[in-house]
Amino acid sequence: MSSRRPVFRHPNLPKNDLGYTRRDYEGLDSTLCAGCGHDSITNAIIQACFELSIEPHRVAKLSGIGCSSKSPAYFLGKSHGINAVHGRMPSVATGANMANKDLLYIGVSGDGDTASIGMGQFVHIVRRNLNMVYIVMNNGCYGLTKGQDSATADKGSSSRKGRPNPFEAIDLCETAVQTGAGFVARGFSGDKEQLVPLLKAAMGHRGFALVDVISPCVTFNNTPASTKSYHWARDHMEATATFDFIPSRQEITTDYVEGATQNVTLHDGSVIRLHKTDNSFDVTQRWSSLEAMEQCREKGQILTGILHVNETLKDTHDILETTDKPLNTLTEKDLCPGNQVLTKISENYR
Amino acid sequence: MKKLNRINDFVIRFANVNGSGSASANNLFAKAVFRLGVPVSPKNIFPSNIQGLPTWYEVRVCEKGYLGRRGGYDFIVAVNGQTLKKDYEGLESGGYFFYDSTKSLTEDYTRKDITLIRMPLTDICNREIDNPKLRPLLKNIIYVGALAYLLDMDFSILTDSIAKQFSKKPKLAEPNIRALKLGREYASEHFAHTCELSLKRSDKLAGHILIDGNTATGLGALYGGATVAGWYPITPSTSVIEAFDKFTRQYRMDESGKRKAAIIQAEDELSAMGIALGAAWNGARAFTATSGPGVSLMTELLGLAYFSEIPVVLINVQRAGPSTGMPTRTQQSDVLACAYASHGDTKHVLLFPCDPKECFEMTAESFDLADRLQTPVIVMSDLDLGMNDHVSMPMEWDDARRYDRGKVLDRAALDSMVRDWGRYLDSDNDGICYRTYPGTHPEKGAYFTRGSSHDEYAAYTEDTDAYKRCMERLSQKFETARDLMPASHIQINANAGTLGAVFYGTTTNAANEAIEQLGEKGIVLNSLRVRGFPFKDEVRKFINSHDQVFVIEQNRDGQMRTLLITELDLLPSKLISIAHVAGTPIDALSITRSIEALLIDKPKPETPKGGAA
């Protein structure tokens, strides 16, 4: 895992607006199983950051514990990262974000890390609307401990162990909408064409952005009877309205037919253009999003795409009314009121 | 019967019903004693309840300046029917029993050795106060007015205090002052020459303040430069954050009215510690405040902070455990839980404040220590210190002081670095390595922080040698911490003395008083007050230079004694535990009695733990 890649770069590699190549966004070699869905998500994160020309060192990566939470080592090697304890990434992310509001926070978690041990922290970070991208690499099982069912495993779904899961599944996207998230999307690790723009849109959103990604576990949960397997996901994927992600620097040129699209402008000026289809619904309304997800659930479908967007919410810093300068840059001069004030305060206790 | 006859030296106890508004009246009385220049120590002994259960407020007045609990009470204001009998029976012989005589005492109140002071408080209220809503509150003020007469107090101190308290709402001052006068008038008409306890103006307090430890701790966090606090409400630590919040709203606003602090009430203590840890990792000074149950929940993250070397400050305002224990009672029972908090080989830096001034100083200092050592620092306060008012010297701040942010490489330092940088590379040989904040440099200084085993370059490793090197370096860092701990306070009363006493935190006042009491009886003890862990070298020297050392503390198992024995490799039989387990603040008299008893009946080496105060 600590092996180092050759530093040689082909001179003709394509560069982004900052002059970085895609390689500048890579990390160490993955130690996950060959074919793991998580590695595809890692690649999608690299691609999204590269295409958006994000300065690699202005990103902070956070994760919990589990296979998914190892992956921040495999992307953005020039960014700081922290591996918290199991299920506690949301609180560590909250503190980190409070210390410096100017970085892009990318959290990576798994379904065990988020929907079981970290469920309490998850719903509360949603409530606080912390400005971050929260990616769940969702495979319905505990990989590192050899394949136990997780809380997102669908009722009746079987992993390699062969026993159908008898418990109800938690849908993290529905939970996030219910607890007030401003951006909720679901992707599939096998569909890069959809996942990269979903991640880019999430990065453009200010506030909490959940991207729940179905990410099959090839070793323990890729059986025909598993609803988190590659073939099941391909067969049962139902996309919401297809959409274009138009970054803030790009001019909107294509024509569109009135009533056939819905534009949502994100905080950074980029635009999500949703093309309406028979499946589409108003993603800006909570009830409409929840209804669409519930309808697909009843039909045994996996609804993917942008499920909910609300750009009107205040993030944690807005709510707490913190100063514009990152708190970690403040010095004695900003923070310490000095002895004269202390003498005055003491007077109140005489 | 001989009445107790004393000036500026007695204990008065108030027995009230929780939620009846008695706290402000009782505070008014304690503050008046303070403003008379007389050393005073109020202790609120209250239930875990909002309304209805018994609560006591004990005020010790002591011209000599002893500020610990004395034990016993000489005067009781007994206005709680639920505890009347108990309050009656506990009164010292020769003492004064002041009660609401609207309801007569039953026949079983037969003591002949005390003075009854009958005041029909309820009748007076009903007759004199028109607004029935105000009656229960003002009833308390009326007895304070009566006390002013009975104790021969300067009445203007009380009326001035009321005026000051209600300076912004003078309309509220008026009925309070009237109630004070009602009490004084009734007392002067009925209780002439009844009470021989009195309060006289004194000059024992010069420049002192009367403040609770939690407020001072919150101020310490303000001055220490904390900007992020994660917290979860828990008695008795909540008011630390409330104070920090209040002071940052006053003194930490920018020009546009925005706040230079982020305070987040978390969903639980796990999250509270996670928030502090995440902020500290990202270069902000961050802390959380909690009590025992919260410490239990925080231990996993404390282990992460220890092993990945993140500076984080934890204020532990201890209460009586185990489990929920007695949430509104005091104890020093988290010493071991904090020293070794978390699984695996972990050790944490502890600071032990003994008064509000030290709460302020040690909290401010804890941020420097945490940054310097890149490890958690736990400030070990307790309920008695945190929630009761204490006479304290005023807090001071040296304006020339600069925060010690420790070994942090900024962009310029990374650019000018010639040698290889590794997050966990100990290039100074003090166990402390150089850290970088996220976002500092486009090419250098990034690393992945993890709680799994890591090598000098922060890469995951299961290599035995690399793991051992890391663990041994952390031990070495703890040795560096030893030198940075605040010096112990040592009091030598006999140069060739064979007996010593070791104590810490809120045991200090009672222990010092007990040592004087013992000295008067010819038992001379030298003493050492521990102020930090790891123990400084003088602690070992002090213990080694005495034959027998009493370790006085407020927990059942003698936790500091255990820590001393373990960490300093001492012979257990040399350290004798004087342990106070009541949940009320420790008092001098029981320490004195325990030590006396032990010296008469010397313990055998195999049963060294004899004392129970």
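Basis of the calculations
Residues numbered from 1 in each chain as written. Chains lettered and ligands numbered in written order. Predicted model: local features only at pLDDT ≥ 70, side-chain atom pairs only at ≥ 80, totals over all residues. Heavy atoms only, no water. Pairing = 2+ DSSP bridges. Helix = DSSP H or I, 4+ residues; strand = E, 2+ residues; numbered from the N terminus. Contact = heavy atoms within 4.5 Å. Axes fitted to C-alpha atoms, helices over the stretch in contact; angles between N-to-C directions. Core = buried A, V, L, I, M, F, W, Y, C linked by side-chain atoms within 4.5 Å. Buried < 20%, exposed > 50% of the residue type's maximum accessible area, 1.4 Å probe, protein only. Expected span 1.5 Å × (residues − 1). Buried area = accessible area lost by both parts, 1.4 Å probe. Salt bridge = Lys/Arg side-chain N within 4 Å of Asp/Glu carboxyl O. Polar contact = N/O pair within 3.5 Å; in protein donor to acceptor, adjacent residues only side chain to side chain. Phe/Tyr/Trp six-rings, centres within 6.5 Å; stacked < 30°, edge-to-face > 60°. Lys NZ or Arg CZ within 6 Å of the ring centre and 35° of its normal. Domains from an automatic or database assignment. pLDDT = per-residue confidence, 0-100.

Student: Sorry if this is basic, but what is going on with the sheet that holds strand β14 (residues 349-351) of chain B here?
Tutor: Note on sheets: strands pair through backbone hydrogen bonds, and any given pair is parallel or antiparallel. Residue and element names in this part refer to chain B. Taken together, seven strands build an open sheet; the order of strands is β11-β10-β12-β13-β15-β14-β21 and the sheet is mixed. On the outer flanks of this sheet lie β11 (262-265) and β21 (532-533), each paired with one strand and no other. Here β14 pairs with β21 via two bridges, running antiparallel. Looking at the pairing, Leu 351 lines up with Gly 532 of β21. Along the sheet, helix α8 (residues 238-251) makes contact with β10 (228-231), β11, β12 (286-290) and β13 (313-318), crossing β12 at roughly 140°.

Student: Any chance you could explain the sheet that holds strand β9 (residues 237-239) of chain A here in plain terms?
Tutor: Spatially, the nine strands line up as an open sheet ordered β9(A)-β13(A)-β7(A)-β8(A)-β4(A)-β3(A)-β1(A)-β2(A)-β17(B), and their pairing is mixed. The strands lining the two open edges of the sheet, one partner per strand, are β9 of chain A together with β17 (448-449) of chain B. Bridging between strand β1 (residues 59-63) of chain A and strand β3 (residues 104-110) of chain A involves five bridges; their strand directions are parallel. Residue pairing for β3(A): A:Leu62 is matched across the bridge by A:Gly107. Sheet contacts for helix α7 (residues 192-204) of chain A: β3, β4 (132-138), β7 (183-188), β8 (208-214), β9 and β13 (302-309) of chain A; angle to β7(A), the most-contacted strand, approximately 160°. Lying on the sheet, helix α9 (residues 286-298) of chain A is in contact with β7, β9 and β13 of chain A; it crosses β13(A) at an angle near 175°.

Student: Honestly, the nonpolar core in this entry has me stumped. Any pointers?
Tutor: Soluble globular proteins tend to bury their nonpolar side chains together. Counting 185 residues, the largest nonpolar core has A:Ile272, B:Phe287 and B:Leu564 as the members making the most contacts within it. Discounting residues that sit within four places of it in the chain, B:Leu564 has contacts with B:Val502, B:Phe535, B:Val539, B:Ile543, B:Val551, B:Asp569, B:Leu570 and B:Leu575. In terms of nonpolar packing, the next biggest core, distinct from the first, is built from 58 residues, B:Phe10, B:Phe166, B:Leu180 and B:Leu197 among them.

Student: What exactly am I supposed to notice about the environment of B:Gly21 here?
Tutor: All names here are of chain B. With respect to the secondary-structure elements, Gly 21 resides in the loop between β2 (9-17) and α1 (22-35). Given the relative accessible area of 25%, Gly 21 is considered partly exposed. Linking Gly 21 and Gly 52, residues 31 residues apart in sequence, is a C-alpha distance of 11 Å. Excluding its chain neighbours within four sequence positions, the residues that come into contact with Gly 21 are Leu 137 and Asn 140.

Student: Could you clarify how one ought to interpret helix α16 (residues 508-520) of chain B in this entry?
Tutor: Note on helix geometry: an α-helix contains 3.6 residues per turn, so any two residues three or four positions apart are oriented the same way. Residue and element names in this part refer to chain B. Its 13 residues give α16 an end-to-end C-alpha distance of 19 Å, which sits within 8% of 18 Å, the value for a rise of 1.5 Å per residue. Among all positions of α16, only Thr 508, Ala 510, Ala 511, Glu 513, Ala 514, Ile 515, Gln 517 and Leu 518 are buried. In the stretch just after α16, Gly 522 is the one whose phi turns positive, near 85°.

Student: Looking at this model, I keep getting lost on the pairing of strand β7 (residues 115-119) of chain B. Mind explaining?
Tutor: All names here are of chain B. The alternating pattern of β7 places Thr 115, Ile 117 and Met 119 on a buried face, while none of Leu 116 and Arg 118, on the opposite face, is buried. Looking at chain direction, strand β6 (residues 96-100) and β7 are connected through five bridges and run parallel. When the sheet's bridge partners are listed, Asp 100 is paired in β7 with Met 119.

Student: Whenever I open this one, the interface of chain B and chain A confuses me. Can you help?
Tutor: Often, the extent of an interface is quoted as the loss of accessible area on bringing the components together. Between chain B and chain A, the residue contacts involve 73 residues of the former and 62 residues of the latter. Between chain B and chain A, the buried area comes to about 5,400 Å², and carbon and sulfur atoms account for 61% of it. Our count for the chain B to chain A interface comes out at three salt bridges. At the junction of chain B and chain A, the tally comes to 27 residue pairs in polar contact (both at pLDDT 80 or more).

Student: What is the right way to look at the pattern of salt bridges in this model?
Tutor: Opposite charge on two side chains allows them to pair when their charged atoms are near. Residue and element names in this part refer to chain B. Scanning the entire structure with this criterion turns up 51 salt bridges over all chains. The salt bridge involving Asp 368 is made with Arg 285; its shortest N-O contact spans 2.7 Å. Note that Asp 368 is positioned in helix α12 (residues 356-373) and Arg 285 in the loop between α9 (269-281) and β12, a separation of 83 residues in sequence. The pair Asp 368 / Arg 285 is uniform in exposure class, with both members buried. Here Arg 482 ties to Glu 479 by a salt bridge, and the two come within 2.9 Å at their closest N and O atoms. Highlighted residues: Arg 482 and Glu 479, both in helix α15 (residues 464-484), separated by three residues, approximately one helical turn. Overall, Arg 482 belongs to the buried group, its relative accessible area being 13%.

Student: Explain the pairing of β4(A) to me, please; I cannot follow it from the model alone.
Tutor: Both faces of the sheet carry side chains from a regular strand, because those side chains alternate between them. All names here are of chain A. Counting buried residues along β4, seven of its seven residues qualify, which places the element largely inside the surrounding structure. Neither face of β4 is open: one carries Met 132, Tyr 134, Val 136 and Asn 138, the other Val 133, Ile 135 and Met 137, and all of them are buried. By the bridge criterion, five bridges tie β3 to β4 in an arrangement that is parallel. Directly across from Gly 107, in β4, lies its bridge partner Tyr 134. As judged from the seven bridges shared by β4 and β8, these two strands associate in the parallel manner.

Student: Would you explain the environment of B:Gly519 in this entry?
Tutor: By secondary structure assignment, the location of B:Gly519 is in helix α16. Measuring from C-alpha to C-alpha, the distance between B:Gly519 and B:Glu242 comes to 42 Å, with 277 residues separating the pair along the chain.

Student: Is there a simple way to think about the packing of aromatic side chains in this case?
Tutor: Aromatic rings considered in pairs are described by the distance between their centres and by the relative angle of their planes. Under the defined criterion, the tally for this structure stands at 25 aromatic pairs over all chains. Ring geometry for A:Phe122 against A:Phe208: centres 6.1 Å apart, planes inclined by 70°, an arrangement best described as edge-to-face. Here A:Phe122, found in helix α5 (residues 119-128), pairs with A:Phe208, found in strand β8; they are 86 residues apart in sequence, far enough to count as distant. A:Phe208 shares its class with A:Phe122; the two are buried. Among the aromatic residues, those joined into a cluster by ring pairs are B:Phe14, B:Phe29, B:Tyr57 and B:Tyr143. Above the ring of B:Phe155, the side-chain terminus of B:Arg184 is found at 4.0 Å from the ring centroid. Here B:Arg285 stacks its cationic end above the ring of B:Tyr403, 4.8 Å away from the centre of that ring.

Student: How do you make sense of the domain arrangement of chain B when you look at a structure like this?
Tutor: Residue and element names in this part refer to chain B. What the domain assignment lists for chain B is domain 1 (6-198), domain 2 (211-392), domain 3 (411-484) and domain 4 (489-612). If you average the C-alpha positions of domain 1 and of domain 2, the two centres end up 35 Å apart. Taken together, the 11 residues of domain 1 in the interface contact 10 residues of domain 2. Overall, the association of domain 1 and domain 2 removes approximately 890 Å² of surface from exposure, summing both partners, and the carbon and sulfur fraction of that is 57%. The largest per-residue losses of area from domain 1 upon contact with domain 2 belong to Pro 42, Lys 43 and Phe 46, which jointly make up 49% of the total buried on that side. Counting the contacts that link domain 1 with domain 2 gives one salt bridge. Note that Lys 43 and Asp 384 form a salt bridge whose closest N and O atoms lie 2.9 Å from each other. Here domain 1 is connected to domain 2 by five residue pairs in polar contact (both at pLDDT 80 or more). Breaking the side of domain 1 that touches domain 2 down by element, the ones donating at least two residues are α1 and β3 (40-45).

Student: Please explain the confidence of the model for chain B as it appears in this structure.
Tutor: The predicted coordinates of low-pLDDT regions are not to be read in fine detail. When the pLDDT values of chain B are averaged, the result is 95; 98% of them are 70 or greater. Here residues 604-608 of chain B scores under 50 on pLDDT; set against residues more than four positions off or in separate chains, the count is six contacts.

Student: Teacher, can you tell me more about unusual backbone geometry here?
Tutor: With the exception of glycine, most residues fall at negative phi, and the peptide bonds are largely trans. All names here are of chain B. A cis amide bond links Thr 235 with the next residue in sequence, Pro 236, at an omega value of 5°. Take Pro 236: it is sitting in the loop between β10 and α8. Along the chain, Phe 533 connects to Pro 534 via a cis peptide bond; the corresponding omega equals 10°. Relative to the assigned elements, Pro 534 resides in the loop between β21 and α17 (537-544).

Student: Is there a simple way to think about the environment of B:Ser202 in this case?
Tutor: Residue and element names in this part refer to chain B. The residue Ser 202 is located in the loop between β8 (197-198) and β9 (209-212) in this model. Note on Ser 202: relative accessible area 16%, which makes it buried. When residues no more than four places from it in sequence are discounted, the contact partners of Ser 202 are Asn 8, Leu 36, Gly 37, Val 38 and Glu 63. Within polar-contact distance, the side chain of Ser 202 engages the side chain of Glu 63 at 2.9 Å.

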